[in-house]
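Below are the chains, spelled out letter by letter.
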Amino acid sequence: MKGIPQVVHHHQGLRGNYPEFSCGFVCYQGHYINKEIEALQTFQGDQLAQGILTKVDDLRKYSNEIEKELWQLELDSIPDYMNEAENFGSLYYQIETCIQLLQKFEDLFITFQKELVGITADIKLLQDASVLNNTRIGNRQAVGELLNRFVNDLSIPKELHKGITSNDVNEFYVRYLQALNRKISFCEVHLEGGTIACADVSPKLKSLESVALNKVSQYISKQIETIKDLESLRRMQAEVSNVSYCYQFLFKHGPTKAKTVVALYVDAASRIYTVYCKSYLTSLLKCQYELAAKTDTLGSPVTRQRIISPFKSDPKKSPSTNIFSIADRFNVLQNMESPPMTPPNPKTEQHLFESLFRSIVYLLMEFATAETMFCNDFFLINSDVANLVFYKLIGLYIETLHNYLENSFDAIGIAIVMCIVEKYFEMMGRRRAPCLNKFSETAMTKLITRFKFVVENHLESVRQASARTFAVNTVAVHLVTRRYAEFLGSLLSLSGNSSADSGQPRALETVHRVVVEVLLPLRKEMEAFLLRMTECFPEPTKKTLFLINNYDLVLQVLEKRKVVSDDVTRFNQLREDAIMRHSADLIQSMPYFANLISFVDRTRPHKNDPTKLMALPDFNNEYVETLLQDFVLHWKGGLEALKHTVTSSFTNFEVGNSIFQNTIERVLAYYQELVQIILTYMKDLRRNQYFVGETEIAYEMKKLGGFFDSHV
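Residues numbered from 1 in each chain as written. Predicted model: local features only at pLDDT ≥ 70, side-chain atom pairs only at ≥ 80, totals over all residues. Heavy atoms only, no water.

Peer 1: Could you clarify how one ought to interpret the overall build of the protein chain in this entry?
Peer 2: Helix and strand content of the protein chain: 25 helices and 5 strands. Buried positions account for 42% of the 712 residues belonging to the protein chain. Across the protein chain, contacts joining residues at least 24 apart in sequence account for 74% of those joining residues at least 6 apart. Carbon together with sulfur atoms contributes 55% to the accessible area of the protein chain, which is approximately 40800 Å² in total. (Helix = DSSP H or I, 4+ residues; strand = E, 2+ residues; numbered from the N terminus. Buried < 20%, exposed > 50% of the residue type's maximum accessible area, 1.4 Å probe, protein only. Contact = heavy atoms within 4.5 Å. Areas by Shrake-Rupley, 256 points an atom, 1.4 Å probe, with all protein chains shown as cover.)

Peer 1: Looking at this structure, how should I read the environment of I587?
Peer 2: Looking at where I587 falls in the secondary structure, it is placed in helix α20 (residues 566–588). I587 sits 55 residues away from L642 along the chain, and the two C-alpha atoms are 8.9 Å apart. What I587 contacts, discounting residues up to four positions off in sequence, is F593, A594, I597, T663, R666 and V667.

Peer 1: Sorry if this is basic, but what is going on with the confidence of the model for the protein chain here?
Peer 2: Chain-level statistics for the protein chain give a pLDDT mean of 81 and a share of 86% at 70 or above. Between residues 305–320, whose pLDDT stays under 50, and residues either more than four places distant or in other chains, the model counts 27 contacts. Per-residue pLDDT stays below 50 along residues 707–712; that stretch engages in 16 contacts with residues further than four places along the chain or on separate chains. (pLDDT = per-residue confidence, 0-100.)

Peer 1: Whenever I open this one, the side chain of R358 confuses me. Can you help?
Peer 2: Note that R358 resides in helix α12 (residues 353–378). Buried and unpaired, R358 has E366 as its nearest opposite-charge partner, separated by 8.9 Å. Here P339 takes part through its backbone oxygen, which lies 3.1 Å from a polar atom of the side chain of R358. When residues no more than four places from it in sequence are discounted, the contact partners of R358 are V332, N335, M336, S338, P339, P340, I420 and Y424. (Lys, Arg positive; Asp, Glu negative; His and termini not counted. Salt bridge = Lys/Arg side-chain N within 4 Å of Asp/Glu carboxyl O. Polar contact = N/O pair within 3.5 Å; in protein donor to acceptor, adjacent residues only side chain to side chain.)

Peer 1: Before we go on, may I ask you to explain the pattern of salt bridges in this structure?
Peer 2: Opposite charge on two side chains permits pairing when their charged atoms draw close. With the rule as written, the count across this model stands at 19 salt bridges. Between E231 and R235 there is a salt bridge, and its shortest N-O distance comes to 3.4 Å. Linking E231 with R235, this pair stays in helix α8 (residues 230–241), spanning 4 residues, or about one helical turn. Take E231 and R235: they sit in the same class, and that class is exposed. Of the charged contacts, one joins E527 and R523 as a salt bridge, the two residues approaching to 3.8 Å between their closest N and O atoms. Here the residue E527 and the residue R523 both occupy positions in helix α18 (residues 509–533), the gap between them amounting to 4 residues, near one helical turn. Residue E527 shares its accessibility class with R523, and that shared class is buried.

Peer 1: Where do I start with unusual backbone geometry in this structure?
Peer 2: Glycine aside, the phi torsion of most residues is negative, and most peptide linkages are trans. Of note, the phi angle at R432 is positive, near 55°, even though the residue is not glycine. With respect to the helices, strands and loops of the structure, R432 is situated in the loop between α15 (411–430) and α16 (437–464). Judged by relative accessible area, which is 70%, R432 ranks as exposed.

Peer 1: Would you mind going over the packing of helix α4 (residues 85–154) against helix α6 (residues 171–192) with me for this structure?
Peer 2: Helix-helix packing is described using two parameters, namely the angle between the two axes and the distance between the axes. Running from amino to carboxyl end, α4 crosses α6 at an angle of 120°, the nearest separation of the two axes being 8 Å. In terms of axis orientation, α4 runs oblique to α6. Note on element contacts: α6 touches α4 through K183, F186, C187 and H190, opposite F150, N152, D153 and L154. (Axes fitted to C-alpha atoms, helices over the stretch in contact; angles between N-to-C directions. Parallel < 35°, antiparallel > 145°, perpendicular 65-115°, else oblique.)

Peer 1: Honestly, the packing of aromatic side chains in this entry has me stumped. Any pointers?
Peer 2: One pair of aromatic rings is described through two measures. These are the centre distance and the angle between the planes. Taken as a whole, this structure holds 23 aromatic pairs when the rule is applied. Both rings, one in F378 and one in F379, keep their centres 4.9 Å apart while their planes meet at 90°; by these two values the pair is edge-to-face. Between Y551 and F571, the aromatic rings sit 6.1 Å apart at their centres with planes inclined by 55°, giving tilted as the arrangement. One end of the pair, Y551, is in helix α19 (residues 540–560); the other, F571, is in helix α20, and 20 residues separate them in sequence. Note on F571: relative accessible area 1%, which makes it buried. Within the aromatic cluster, the residues linked to one another by ring pairs are Y247, F251, Y265, F374, F378 and F379. R358 extends its terminal NZ or CZ atom over the ring of Y362, reaching a point 5.7 Å from the ring centre. Here the guanidinium or amino end of R450 rests over the ring plane of F409, the centre of that ring lying 4.9 Å away. (Phe/Tyr/Trp six-rings, centres within 6.5 Å; stacked < 30°, edge-to-face > 60°. Lys NZ or Arg CZ within 6 Å of the ring centre and 35° of its normal.)

Peer 1: For this particular structure, what's the right way to read α18?
Peer 2: Each α-helix winds once per 3.6 residues, and so residues spaced three or four apart point in a common direction. The terminal C-alpha atoms of α18, which comprises 25 residues, lie 36 Å apart, in line with the 36 Å expected from a rise of 1.5 Å per residue. Taking the largest bend as the criterion, α18 deviates by roughly 25°, centred on L519, and proline P521 comes between one and four positions later. (Expected span 1.5 Å × (residues − 1). Bend = angle between axes of the 7 residues up to and from the residue.)

Peer 1: Quick question: what am I supposed to make of the side chain of S232 here?
Peer 2: Note that S232 resides in helix α8. With residues near it in sequence (within four places) discarded, S232 still touches T226 and I227.

Peer 1: What's the story with a nonpolar patch on the surface in this structure? I'm lost.
Peer 2: Residues Y81, F88, L91, I95 and I99 make up a contiguous nonpolar surface patch of roughly 480 Å² in combined accessible area. Element by element, the count of residues in the nonpolar patch is highest for α4, at 4 residues. Checked against the element boundaries, I99 lands in helix α4. According to the relative accessible area criterion, I99 is partly exposed, its value standing at 44%. (Patch = residues over 30% accessible without salt bridge, like charges linked within 9 Å, V, L, I, M, F, W, Y side chains within 5 Å.)

Peer 1: Sorry if this is basic, but what is going on with the environment of F374 here?
Peer 2: Note on placement: F374 falls in helix α12. Among the residues examined, F374 registers a relative accessible area of 6% and is labelled buried. Between the C-alpha atoms of F374 and S241, which are 133 residues apart in sequence, the distance is 7.7 Å. Not counting chain neighbours up to four residues away, the residues in contact with F374 comprise Q237, V240, S241, Y265 and F379.

Peer 1: What exactly am I supposed to notice about the state of the cysteines here?
Peer 2: As used in these notes, a disulfide is a covalent bond between sulfur atoms, one from each of two cysteines. Going through the model one piece at a time under the given rule, you end up with 0 disulfides. C375 supplies the cysteine sulfur nearest to C435, a cysteine that is in no disulfide, at a spacing of 8.2 Å. Given a relative accessible area of 5%, C435 falls into the buried group. (Disulfide = S-S within 2.5 Å.)

Right, dumping it as structure tokens:
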């Protein structure tokens, strides 16, 4: 490749030889000559330069020639320059003139530039002044707005003054009160900060405040004075509800007057509610009849079935209710939200206390709900005005309940009233009306105390009952058991122990807890009572038969009421134990089974010890053959007689079947043990005519019973 030849020149200096040009770079005394390098790189691509470089071998020589030619060309051009000297002089003067003009322009522009700098400074000063003025204007406007608002909030317009002093209290008057309240509050806040203007306006505001307080208190007082009955009370509440802010203004600025107004309202409303409810209570309680007396206990020899004798011909008006059964008294709990009953004519219709109590309490609850809503709206939500209104009335209700409980021995009725109180207490909680909480708590305490007392009377009567009190001469269900079964089922149904598909109302936690608490000791006393009653029967079979019938009746009643409780489990266990004992006693009472059972029982402890078995006096082929003969000849007739006895002794077919099945299984089990003894120790008896295999006996027994699984 041809290009710029790489030439290296060495310059002799004080410090020796230094490379001036190497590899396309020119270096002189250690410094790069950038311009020459750029020139070489520029001309390297020039065609003329390339042509010269290709033709010339010695550049230095070629350079000298060029310099000589340039020098000669310069010498040749001197005459031409001399000939044009005059023109050059003229051109020189023209250039000088232009320079002077340009100098003037330059001075002019410099002056203009200085003036522009000054103008810029002035503009900046004007801008700063404008920003400052805008800030001042904004501040003055903000201050003006605040001052204007302050003046508006503090000043008393003529319209406001006239409205407060001249207008009647109504919905429009409330607006003036709200405006006055804002001004008074505003003045009080700034008065504490020492604002002089507020001190000047404060007396005028106080004067207006006093006028407003007097008008509002007089208005509400007059409205309260119009209350004459329940209807006028509702009209008054509707009237003042439209101006409820009046009391808020009164409460805030005139608490003494507010207390006076509240006292007037409480006195008037309490009087109206008390008079109305007292009259209603008196009318209803005239229709009350008592169901149970003090002597009507579980263990008493005789109890009365209370019937309203004048109305026997009309079953709707003459309830005949078992003292110990809830019967249709559940209807009260199924109609908890029905309206209060209209007071009936006591000569034609009477009711149990729980029905009357539900009506009077529901009426009280409706009054309390409406009154609480009004008081929360008018007298502020945190006030206790509703509690004060119903204080006397609650006392009247507590007194009424106390009078009933003092003479009541109806445990079922008391339990129903407990359910009513607790359910209504829960309902009042949902309505957010706590003014009856005191009534609910006090009533529940009194009810629980009396309920426990009455149940304790029942328990004590059962404890005192004995065979001498009741002449038991039959294995049928005892009278006390019938009472107890109904009593137990009724209370468990009320206490919430019924299954979900029973259709009966569910009681609440307190009733459930109290009922379960009192029924446990009563159940233990009832178990002890039944055991005492078995002393009347000398035969063991009649003892167990009596227990089975009584336990079964309790279970039937509980099953009918779909009760789920520990009592069901307990009486089931008692019945099963009695059935087992009864089956054993029945077998022992039959001589041809008794010998077999006695022999098996004597040999059972020694079945694994042949020596001791052989030592038994009756352990021989002759005696065992006699047992086989008695069993084979008499078992079928004995079981048929037993079946007749069992089915005639029990009204409950299932219980009779259960006992008969258990008896057959026991007989078969004893016969199987006898067969095992024969097969082990007396194999010769297998060929005896009276020996029958256990499978065949089991099959025959199955045909006889027809309702049990035999041991095959």
